[in-house]
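Fold and geometry: a report
Residue-level listing of the chains:
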Amino acid sequence: MPIPQLKVYRHDRESRALLTLAGEIDIDTAPLVRESLEQCLRDGIRTIDIDLTAVAFCDCSGLNAFLHASQRTTAAGGSLQLHYPRPLVVRLVDLTDSGFLLRGLPLGRLLAPLQGGPVPTAPASPRRPAPVVPALSGGVL
C-alpha cells in the first residue's frame, strides 16, 4: 500500500479546531481526512475550520469527506468551514452545487470581486434546490 500523500495538522482551542491539510486528497487519503474530522467530534470539538492552502489536489472522495463531516458536525450542533480552497476545489463545489453544505462555499462567483473584477451575476438555476438532509443520507458516500 502506498504511503498517503497527505498530512493533517490539528490545533485545538477549547471547542474549536483548525485542521491544516497539506498534500493531495483522493480516494487513498480521504479516509485520513474523514477519520481526522470524526476524531474532532469524538473529542468534543464543535467548530471545525479546515485550511486548504497547502492542498494541491482534491477529488470527489475528498469533497465527500468534507460533506459527510459537515453533516455530522451540524447534527452535533456545530459548524464546519473550508478556508482558502484552491480553484480546483471551488470548481468541484460549484459543479456539484454543494456549497450550501460547506458554510460559504462555493466561492467561484466571488473570486472575481476579490481580485478587483466586477461582480458576475449568476444565471437562474433551472434545477430545484436539493433539501439539505437527503443530500447526504441513505449511506451515499
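Note: the structure precedes this text.
Residues numbered from 1 in each chain as written. Predicted model: local features only at pLDDT ≥ 70, side-chain atom pairs only at ≥ 80, totals over all residues. Heavy atoms only, no water.

On to the pairing of strand E2 (residues 16–25), then. Sheet topology places strand E1 (residues 6–13) next to E2; eight bridges connect them, and they run antiparallel. Bridge assignment links Leu6 to a residue of E2, and that residue is Gly23. Hairpin connection between E1 and E2: a loop of two residues separates the two successive antiparallel strands, and Glu14 in this loop has a positive phi of roughly 55 degrees. With nine bridges connecting them, E2 and strand E3 (residues 47–58) associate as parallel partners. Note on E3: the bridge partner recorded for Gly23 is Val55. Crossover E2 to E3 through helix H1 (residues 30–42) is right-handed. (Pairing = 2+ DSSP bridges. Helix = DSSP H or I, 4+ residues; strand = E, 2+ residues; numbered from the N terminus. Right-handed = clockwise from strand over helix to strand, strands pointing away.)

Of the two faces of strand E4 (residues 79–83), the one holding Leu80 and Leu82 is buried and the one holding Ser79, Gln81 and His83 is not buried anywhere. Judged from the five bridges that link them, E3 and E4 form a sheet pairing that is parallel. Paired with Ile50 across the strands is Leu82, a residue of E4. Remark: the E3/helix H2 (residues 60–75)/E4 crossover connection has right-handed handedness. (Buried < 20%, exposed > 50% of the residue type's maximum accessible area, 1.4 Å probe, protein only.)

The next subject is the sheet that holds E2. Within the open sheet, the four strands sit side by side as E1-E2-E3-E4. Their pairing is mixed. Looking along the sheet, the strands with just one partner apiece sit at the ends: E1 and E4. On average, adjacent strands in this sheet sit at an angle of 20 degrees to one another, irrespective of strand direction. (Axes fitted to C-alpha atoms, helices over the stretch in contact; angles between N-to-C directions.)

Viewed as axis vectors pointing N to C, H1 and H2 meet at an angle of 15 degrees, and their least axial separation amounts to 9 Å. With respect to each other, H1 and H2 are oriented roughly parallel. Here H1 runs over H2; the crossing is right-handed. Contacts between H1 and H2 involve Ala30, Val33, Arg34, Leu37, Glu38 and Leu41 on the former and, on the latter, Ser61, Gly62, Asn64, Ala65, Phe66, His68, Ala69, Arg72 and Thr73. The class makeup of the residues in the contact of H1 with H2 is seven nonpolar, five polar and three charged. (Parallel < 35°, antiparallel > 145°, perpendicular 65-115°, else oblique. Left-handed = near helix turned anticlockwise from the far one by under 90°. Contact = heavy atoms within 4.5 Å. Nonpolar A, V, L, I, M, F, W, Y, C, P; charged D, E, K, R; others polar.)

All we've got here are geometric facts, nothing functional implied.
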